[in-house]
Protein chains: 2
Amino acid sequence: MSVVYAQGFSTAGVRGGISSVPGKKDVTLVVNEGPLFVAAGVFTANRFAAAPVQYSRGVVASGRAKAMVINSGGANACTGETGLAQVYETAAHAASVLGSDFASEDVLVASTGLIGELLPLDAVFAGVTKAAGALASDEAAGQAAAEAIMTTDTKPKTVTLDGTGYRMGGMVKGSGMIAPQLATMISVITTDAVVSSELAQEALKTGTSTSFDCIDVDGCMSTNDTVILLASGASGVEPDVDEFKALVAQACASLARQIIGDGEGSSHDIRVRVTGAESYEAALACGRAVSASNLLKCAIYGNDPNWGRVVSSLGTVPEDVAAFDPNNVTVDINGIRVCDGGKPGQSRELVSMAEREVHIDIDLGTSGTAEATVWTDDLTLDYVHINADYES
Amino acid sequence: MSVVYAQGFSTAGVRGGISSVPGKKDVTLVVNEGPLFVAAGVFTANRFAAAPVQYSRGVVASGRAKAMVINSGGANACTGETGLAQVYETAAHAASVLGSDFASEDVLVASTGLIGELLPLDAVFAGVTKAAGALASDEAAGQAAAEAIMTTDTKPKTVTLDGTGYRMGGMVKGSGMIAPQLATMISVITTDAVVSSELAQEALKTGTSTSFDCIDVDGCMSTNDTVILLASGASGVEPDVDEFKALVAQACASLARQIIGDGEGSSHDIRVRVTGAESYEAALACGRAVSASNLLKCAIYGNDPNWGRVVSSLGTVPEDVAAFDPNNVTVDINGIRVCDGGKPGQSRELVSMAEREVHIDIDLGTSGTAEATVWTDDLTLDYVHINADYES
């Protein structure tokens, strides 16, 4: 059901002809039918933010949006004034085909694909027009929407959750160029709860910080990352604030986890959990350092529980970022303590690497109790194949 | 001639039986015959510094050393008190077989290989004894020394340089786990110039900062990086300070460049030069961000001059680290301006990727004139093969 699980939304995913892959759907339209038109968003921190990111930041600042256009097949990044003009024209075209209730400034835009090329605007317009005519709120429409935003993704990624008297649904695309902060991805989460734009923004910011901000496929931050939360209020239910925030965080966590499960060429999902830290920031820095190690990621691909590559990555974190004594550090891989007090522990032969999911648990051994979890993928021959051949 | 090009040095590279590769030479001995016994060193910044690094830091602090033992086949890292005891025993054994002129504290030790396992000390001792009996100052000895320090390296890497009335020689091993600060490598540079330990240390520190500190094969910092400069004074010539420092820098640059040329599985050497920056640090941060991009490195492997992956990496450098306006940035790949003012420039079709060496020239377009150069390799199928199968 994806983005139409919540009441008050319709969607469509169609082919406009932007993507060079024959038959690939490449335009998604999501429409909020109200009665509320609340919108919140979180975007890439990349300084070469794509034109649609620059534009949509402005829309989200108003706290309100009625529709969103997403295209795959082109990122519209590093395209200058002309690229920005293309976004405005796309929003205007969407508003015109959606009818007199819609103004340009009600329409969010997001793009994904190759950097540095303008969009074929005719194909974008054709897709938007077709999508506006195909809007629906059923299972098939939700599925088509999630498919049309895919690029190197191998499967659509969606989530549905139930609050007390209200619903939440979502979809995400993302597979490569995935790194904190925010992965290279575009995500739309919808809810029929009655919430203010302030609560929506706060819930989304918090929810992304421990999910999309804590995954790393390849250490590369995109120019186009966009996460949007839309609320229609159609349930008529004003949610408990804590429950609502928890539900948004759960939706983000589910979608982020699905990105890792579909990481380009990956054969293992790796969960790096760091405990015994003096602060969350220290634990997070350690988790990120370990999850960014190409050598470790290659070893995991080779089913080698190579703890030497875990601690050598950990050792690159500056002391002023994460205080710990190397002699107090333990590393467990899939439950086996392979490194104990900075020295060899149990034999790595005892570690089973048969499962897709690999758990690396690091205890820094300080007096602190802070912890953080980062997810990453292994580095495989297929990752190199995909990224030596694919232009993005 | 490697480390014996300078007068006053003898060396040997032999098999002690540490390495699991049949017949692989794995113990190198370098002896400074004086009359000076000056030693300087630069070591890894990794907090899990290997036992030989911890030990040799202390030797270098005295400014003096008469010999150095290097073993491949085992890193002696994360091996605790027992590992440290092994280093002391190795130094003591070397001193005893070298004769009554040598004390334990005159002997430097360096190791490279798998992290987290103790060394087979019998094999180390056997190698040191054999090497002490094979010491020579000829071409063959210099070559054998450079071969015995290799691990995944495919070729020995050496340098010889002439100062005014004195000589300098050197060797290095390093191929993977190569990242700033300092690559995973072990290097010995020798000279017969008459220099103080203070000048030696200063020259080495400066020389490594623009060479070994500016290469990155895979973003992974090792536990064992060691660069040693030994001076015998055998030429009797006290060098011009500036010339001497320039010569040390040139030796470091040559050896560092050779590491990139032999980067694990690499098919392209990539020079990332950043100009138009407000400071060297800003330029260096930009160069490192670009050279660390897995996506860019895969693209170069695929002979794709993908400037979108250059600017998306550049865009991850925080503004307070490197001030620049994305709209003023230009990117040339092999002489073709593919990105001009943050937008598409000339067609990427014009870029020839036939050569092994790839030049990426980035101008940040600020009013500053600072610049920095970082070298890296492409990310290839062979890199993944090597590191999924090899334990380090």
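Fair warning: this is a prediction, and the values are worked out from it, not measured in the lab. (Residues numbered from 1 in each chain as written. Chains lettered and ligands numbered in written order. Predicted model: local features only at pLDDT ≥ 70, side-chain atom pairs only at ≥ 80, totals over all residues. Heavy atoms only, no water.)

K.L.:
Tell me about the relation of the copies chain A and chain B, residues and numbers included.
P.N.:
Superposition of chain A onto chain B requires a rotation of 180° combined with a translation of 0.0 Å along the rotation axis, giving an RMSD of 0.0 Å. Seen this way, the second copy is the image of the first under a two-fold rotation axis. Among all residues of chain A, the one whose C-alpha sits closest to the rotation axis is Leu381 of chain A, at a distance of 2.8 Å. Counting the interface residues of chain A, we find that 98% of their copies in chain B are interface residues as well, pointing to one common contact surface. (Least-squares fit on C-alpha atoms with pLDDT ≥ 70 in both. Contact = heavy atoms within 4.5 Å.)

K.L.:
So what about the UniProt feature "binding site: substrate" (unreviewed entry) in chain A? Which residues, and what values?
P.N.:
All names here are of chain A. Those places that UniProt annotates as "binding site: substrate" (unreviewed entry) correspond, in this numbering, to Thr151, Lys173, Thr184, Glu264, Asn387 and Ser392. Mapping Lys173 onto the fold places it in strand E7 (residues 167-173). Residue classification places Lys173 among the buried residues on the basis of a relative accessible area of 3%. Only 3.1 Å separates the side chain of Lys173 from the side chain of Thr112, close enough to count as a polar contact. (UniProt positions renumbered as here; feature names shortened; annotations may be inferred. Helix = DSSP H or I, 4+ residues; strand = E, 2+ residues; numbered from the N terminus. Buried < 20%, exposed > 50% of the residue type's maximum accessible area, 1.4 Å probe, protein only. Polar contact = N/O pair within 3.5 Å; in protein donor to acceptor, adjacent residues only side chain to side chain.)

K.L.:
I'd like to hear about the pairing of strand E13 (residues 336-340) of chain A, residue by residue, with values.
P.N.:
All names here are of chain A. Relative to E13, strand E12 (residues 330-333) runs antiparallel, the two sharing three bridges. Paired with Val331 across the two strands is Cys339, which belongs to E13. Here E12 folds back onto E13 in antiparallel fashion, the turn holding two residues, of which Asn334 has a positive phi close to 45°. Note that E13 and strand E14 (residues 343-344) share two bridges and pair antiparallel. Looking across to E14, one finds that Cys339 is bridged to Pro344. (Pairing = 2+ DSSP bridges.)

K.L.:
Tell me about helix H8 (residues 294-301) of chain A, and name the residues and values.
P.N.:
Every α-helix carries 3.6 residues per turn, so stepping three or four residues along brings you back to the same face. Residue and element names in this part refer to chain A. Of all eight residues in H8, seven are buried, a share of seventy percent or more. Those residues of H8 that sit buried are Asn294, Leu295, Leu296, Lys297, Cys298, Ala299 and Ile300. One or two residues past the end of H8 sits Asn303, with phi positive at roughly 55°.

K.L.:
Quick one: what's the story with the environment of Ala322 of chain B, residue by residue and with numbers?
P.N.:
Assignment of secondary structure puts Ala322 of chain B in the loop between helix H9 (307-314) and strand E12 (330-333). Once the C-alpha coordinates of Ala322 of chain B and Glu243 of chain B are considered, the two residues, 79 residues apart in sequence, prove to be 32 Å apart.

K.L.:
Tell me about the environment of Lys297 of chain B, residues and numbers included.
P.N.:
As for its position among the elements, Lys297 of chain B is in helix H8 (residues 294-301). Separated by 12 residues in sequence, Lys297 of chain B and Arg309 of chain B have C-alpha atoms that sit 9.1 Å apart.

K.L.:
Outline the sheet that holds strand E11 (residues 269-277) of chain A, listing residues and values.
P.N.:
All names here are of chain A. Spatially, seven strands are ordered E9-E16-E11-E15-E12-E13-E14 in an open sheet, and the strand pairing comes out mixed. This sheet does not close on itself; its edge strands, each paired only once, are strand E9 (215-216) and E14. Of the pairings in the sheet, the one linking E11 to strand E15 (residues 357-363) comprises seven bridges and is parallel in character. Residue pairing for E15: Ile270 is matched across the bridge by Val358.

K.L.:
Tell me about the interface of chain A and chain B, and please be specific about residues and values.
P.N.:
If you look at the interface, chain A gives 56 residues, while chain B gives 55 residues. Interface of chain A and chain B: buried area, both sides summed, is about 4400 Å²; carbon and sulfur atoms make up 62% of it. It is Arg47, Phe48 and Leu295 of chain A in chain A that bury the most area against chain B; as a group they hold 19% of the surface buried on that side. If you look at where chain A meets chain B, you find zero salt bridges. Counting across the interface, chain A meets chain B through 11 residue pairs in polar contact (both at pLDDT 80 or more). Elements that contribute at least two residues to the side of chain A that touches chain B include exactly helix H2 (80-98), H8, helix H9 (307-314), E14 and helix H10 (381-389) of chain A. Of the residues contributing to the side of chain A that touches chain B, the split by class is 29 nonpolar, 18 polar and nine charged. (Buried area = accessible area lost by both parts, 1.4 Å probe. Salt bridge = Lys/Arg side-chain N within 4 Å of Asp/Glu carboxyl O. Nonpolar A, V, L, I, M, F, W, Y, C, P; charged D, E, K, R; others polar.)

K.L.:
Pulling in residues and values, what's your account of the pattern of salt bridges?
P.N.:
Here the structure, examined in full by the defined rule, presents 28 salt bridges over all chains. Arg273 of chain A is paired through a salt bridge with Glu371 of chain A; the nearest N and O atoms lie 3.2 Å apart. Taken together, the residues span a long stretch of sequence, with Arg273 of chain A in strand E11 and Glu371 of chain A in strand E16 (residues 370-377) at a distance of 98 residues. For Arg273 of chain A, a relative accessible area of 29% puts it in the partly exposed group. For Glu371 of chain A, a relative accessible area of 38% gives the class partly exposed. When the shortest N-O distance is used, the salt bridge between Lys25 of chain B and Glu147 of chain B registers 3.0 Å. Note that Lys25 of chain B is positioned in the loop between strand E1 (9-14) and strand E2 (27-32) and Glu147 of chain B in helix H4 (residues 139-148), a separation of 122 residues in sequence. A cluster of three or more residues bridged by salt bridges with shared partners is formed by Arg257, Asp269, Arg356 and Glu357 of chain A.

K.L.:
Talk me through the nonpolar core; I want residue IDs and the actual numbers.
P.N.:
Among the nonpolar cores identified, the biggest contains 90 residues, and Met171 and Leu230 of chain A together with Leu314, Val331, Ile333, Ile360 and Ile362 of chain B are the most heavily contacted of them. Grouped together as the second largest cluster of nonpolar side chains are 89 residues, Ala322 of chain A together with Ala94, Val124 and Val188 of chain B included. (Core = buried A, V, L, I, M, F, W, Y, C linked by side-chain atoms within 4.5 Å.)

K.L.:
Explain the sheet that holds strand E5 (residues 107-112) of chain A to me, and be specific about the residues and the numbers.
P.N.:
All names here are of chain A. Pairing is mixed in the open sheet, where four strands are placed in the order E1-E2-E4-E5. The sheet is open, and its two edges are formed by strand E1 (9-14) and E5, each paired on a single side. Averaged over all adjacent pairs, the angle separating strand axes in this sheet is 10°, with direction ignored. Bridge count for strand E4 (residues 67-72) against E5 is six bridges, and the pairing is parallel. Residue Ser72 lies in a different strand from E5, and its bridge partner there is Thr112. Strands in contact with helix H3 (residues 121-133) are E1, strand E2 (27-32) and E4; relative to E2, the strand with the most contacts, it is inclined by about 45°. (Axes fitted to C-alpha atoms, helices over the stretch in contact; angles between N-to-C directions.)

K.L.:
Give me the lowdown on the packing of H8 of chain A against helix H10 (residues 381-389) of chain B, citing residues and values where you can.
P.N.:
H10 of chain B packs onto H8 of chain A with a crossing angle of 70° between their chain directions and a minimal axis gap of 7 Å. Taken as axis vectors, H8 of chain A and H10 of chain B run roughly perpendicular relative to one another. Between H8 of chain A and H10 of chain B, the contacting residues are Asn294, Leu295, Cys298, Ala299 and Tyr301 of chain A on the first element and Tyr383, Val384, Asn387 and Ala388 of chain B on the second. When the residues that make up the contact of H8 of chain A with H10 of chain B are grouped by side-chain class, the tally is seven nonpolar, two polar and no charged. (Parallel < 35°, antiparallel > 145°, perpendicular 65-115°, else oblique.)

K.L.:
Outline the packing of aromatic side chains, supporting the account with residue identities and numerical values.
P.N.:
Applying the stated criterion to the full structure yields six aromatic pairs over all chains. Summarising the aromatic geometry, the rings of Tyr166 of chain B and Phe244 of chain B are spaced 6.3 Å apart at their centres and angled 45° between planes, so their arrangement reads as tilted. Of the two residues, Tyr166 of chain B is situated in the loop between strand E6 (157-162) and strand E7 (167-173) and Phe244 of chain B in helix H6 (residues 241-261); the sequence distance between them amounts to 78 residues. For Phe244 of chain B, a relative accessible area of 0% corresponds to the buried category. The side chain of Lys66 of chain A reaches across the aromatic face of Phe102 of chain A, ending 5.2 Å from its centre. (Phe/Tyr/Trp six-rings, centres within 6.5 Å; stacked < 30°, edge-to-face > 60°. Lys NZ or Arg CZ within 6 Å of the ring centre and 35° of its normal.)

K.L.:
Lay out unusual backbone geometry in plain terms, naming residues and giving numbers.
P.N.:
What is expected of a backbone is that most residues other than glycine have negative phi and most peptide bonds are trans. Backbone torsion omega between Gly34 of chain A and Pro35 of chain A reads 15°, so that peptide bond is classified as cis. Even without being glycine, Asn76 of chain B reaches a positive phi, approximately 50°. If you trace the backbone, Asn76 of chain B turns up in the loop between strand E4 (67-72) and helix H2 (80-98). For Asn76 of chain B, a relative accessible area of 1% gives the class buried.

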